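# Chain and residue survey
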Amino acid sequence: MLVKNADLLVTMDAARREIQGGGLYVEDNRIVAVGPTAELPATADEVLDLSGHIVLPGLVNTHHHMYQSLTRVVPAAQDAELFGWLRALYPIWARLTPEMIAVSTQTAMAELLLSGCTTTSDHLYIFPNGCRLDDSISAAREVGMRFHASRGAMSVGESQGGLPPDRVVEDEAAILKDMQRLIETYHDPSRYAMLRIVVAPCSPFSVSRDLMRESANLARAYGVSLHTHLAENDNDVAYSRARFGMTPAEYAEDLSWVGADVWHAHCVKLDDAGIALFGRTGTGVAHCPCSNMRLASGIAPVRKMRAHGVPVGLGVDGSASNDASHLLNEVRTAMLLQRVGFGPNAMTAREALELATIGGARVLGRDDIGALAPDMAADFVAFDLEQIAFAGGLHDPVAALVFCTSANVAYSVVNGRVVVRDGRLTTIELEPLLERHNRLARALVNGED
């Protein structure tokens, strides 16, 4: 594949090159050459002339709950903070079916792909009515997105001092057995892998310390990543102090949940000692600005985290706490929210894009995505600059992409395969998917068969 004549090609490589009239040459699923179009081969099996477009690495989403796209804007949860929001939604999620998991996965992935995202994680932690992570994995394969599928879990219900109802928690031995099964069945550790499995107990208020320790041991025995929620809001911190006598960061360190193979979602209330700990150990953070605003959780100190060397990526979070899965909009919001909290120079447009590209890749433990350079995966996206959203801003197309109205992609290529062409998905039919998704959402929220 030859990509040529891009108005601007943003590499996110070590030199942060931005190439006018740039292009790529791809063989199979791997980038072979990057540079000015005149320096690339002249022909290929497929040629994409991207005049009038900006090309950049595919964005990386480090935190999501895709099933929650079925429960957007549920009235009882519209105006609640985290714990109240969860209590309103747990009984609804208890009605999830395998079909709902599959359809919501495809809907969420379609939205992500159209927003410029080519690699995503998903944190599925509730498994009622025969639901399995396999339902999400098989659905994702049809879409063609690079996927880090996280086997979440809840094991401590209300009767044991946890937050979720007892009917949605699982036995811990069964959880660990299923985690092992999924790793052995699906995990691909190779370069350019399209599917990896992540071990991901849900949160301090829904799992035991034993499960946290044992899941970490399991993950490290198999060489897979670890993921959970941490320090999301003041109530979350208060729970950790009351239940464990520790701050969230102390809790994570005590359970060996720090290191380059670990990333935590949110960390809005991570204290200075925790930030220093994460920086020393290379422990990652998935920053989810829209969700944090929606639930009034606060402003994560991302600028301070980055100054201490903490790996930080972006996440859209579940679409019942964000109500959108548009990763480019998350880039824009991350930049603006840091400025609200910490001043006009707290984050630039290019720094925000770093979070969504090389930052997200580092958080997920990957060195083969997030930048356009030889030997990197052929994951890239193109946005049409000739639209009203960017009018008057083309003197700096990179800044326009972030500051202006968040656009959808014209093209998305994942692993060398065009999955969005001229703004339309090529792998699945969107219209019947949305009809099915809305039908299932009505049934789920209304308690219908």
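The following paragraphs examine the structure supplied in this document. Here the residue index of a chain counts from 1 through its sequence in written order. Only residues with pLDDT of at least 70 get local features here, since the model is predicted, and only at 80 or more are side-chain atom pairs given and counted; chain-wide, interface and lining totals rely on the full set of residues. For side-chain calculations, the full set of non-hydrogen atoms in the structure is used, while hydrogens and water are omitted.

### Digging into the overall build of the protein chain
- By definition, any uninterrupted DSSP run of H or I lasting at least four residues is a helix, any uninterrupted run of E lasting at least two residues is a strand, and each is numbered from the N terminus. Helix and strand content of the protein chain: 14 helices and 17 strands.
- Both definitions apply: the radius of gyration is a C-alpha atom measure, and the globule rule equals 2.2 Å times residues to the power 0.38. Taken against the 2.2 N^0.38 rule, which gives 22 Å for 449 residues, the C-alpha radius of gyration of the protein chain at 21 Å falls within 12% of a compact globule.
- With the principal axes as the frame, the protein chain shows a C-alpha extent of 65 × 50 × 40 Å.
- When the 449 residues of the protein chain are sorted by exposure, 62% land in the buried category.
- Summarising the internal contacts of the protein chain: among those between residues at least 6 apart in sequence, 75% fall at separations of at least 24.
- Of the roughly 15,900 Å² that the protein chain leaves accessible, carbon and sulfur atoms contribute 48%.
- Neither His nor the chain termini are counted; the positive set is Lys and Arg, and the negative set is Asp and Glu. In this description, the location of a charge corresponds to atom NZ of lysine, CZ of arginine, CG of aspartate or CD of glutamate. For the protein chain, the centre of its 38 positive side-chain charges and the centre of its 54 negative side-chain charges are spaced 2 Å apart. For every residue, the accessible area (1.4 Å probe, protein chains only) is compared with the maximum for its type, and the residue is labelled buried under 20%, exposed over 50%, or partly exposed between those bounds. Whether two residues are in contact is decided by their heavy atoms: any pair within 4.5 Å suffices. The Shrake-Rupley method, run with a 1.4 Å probe sphere, supplies the accessible areas, and residue values consider only the shown protein chains as cover.

### Brief notes about the pairing of strand β3 (residues 30-36)
- Here a strand pair is declared whenever DSSP counts at least two bridges between the two strands. Here six bridges tie strand β2 (residues 18-27) to β3, and the two strands are oriented antiparallel to one another. What sits directly across from G22, in β3, is P36.

### So, the environment of N438
- Mapped onto the fold, N438 is located in helix α14 (residues 430-446).
- Residues N438 and V103, 335 residues apart in the sequence, show an inter-C-alpha distance of 9.8 Å.

### Regarding empty space enclosed by the protein
- Here the term cavity refers to a set of points on a 1 Å grid, laid over the protein atoms alone, in which a 1.4 Å probe fits but cannot get out; the term pocket refers to an open set having protein on both sides within 12 Å along at least five of seven lines, with lining residues being those that place an atom within 4 Å of a point. Grid points are joined across faces, edges and corners, and a volume is the space filled by probe spheres set on the points. Applying the stated criterion to the full structure yields one cavity of 30 Å³ or more.
- Each pocket or cavity is described by its volume, and for the largest cavity that value is around 140 Å³.
- Lining of the largest cavity is provided by 18 residues; of these, L82, L86, Y125, H229 and E232 occupy positions nearest its centre.
- With four residues, the single largest contributor to the lining of the largest cavity is helix α1 (residues 82-93).
- Gly is placed with the polar residues, together with every amino acid not listed as nonpolar (Ala, Val, Leu, Ile, Met, Phe, Trp, Tyr, Cys and Pro) or charged (Asp, Glu, Lys and Arg). Residue composition of the lining of the largest cavity, by class: nine nonpolar, six polar and three charged.

### With respect to the pattern of salt bridges
- By salt bridge we mean one thing: a side-chain nitrogen of Lys or Arg within 4 Å of a carboxyl oxygen of Asp or Glu. Applying the stated criterion across every chain, the model contains 28 salt bridges.
- One salt bridge connects R17 with D13, and the closest N-O pair in it is separated by 2.8 Å.
- On the basis of relative accessibility, which here comes to 33%, the residue R17 falls in the partly exposed class.
- Among the salt bridges present, the one from R306 reaches E354, with a minimum N-O distance of 3.4 Å. One end of the pair, R306, is in helix α10 (residues 302-307); the other, E354, is in helix α12 (residues 349-363), with 48 residues separating them in the sequence.
- Where salt bridges share partners, they join R132, D134, R151, E170, D178 and R181 into one cluster.

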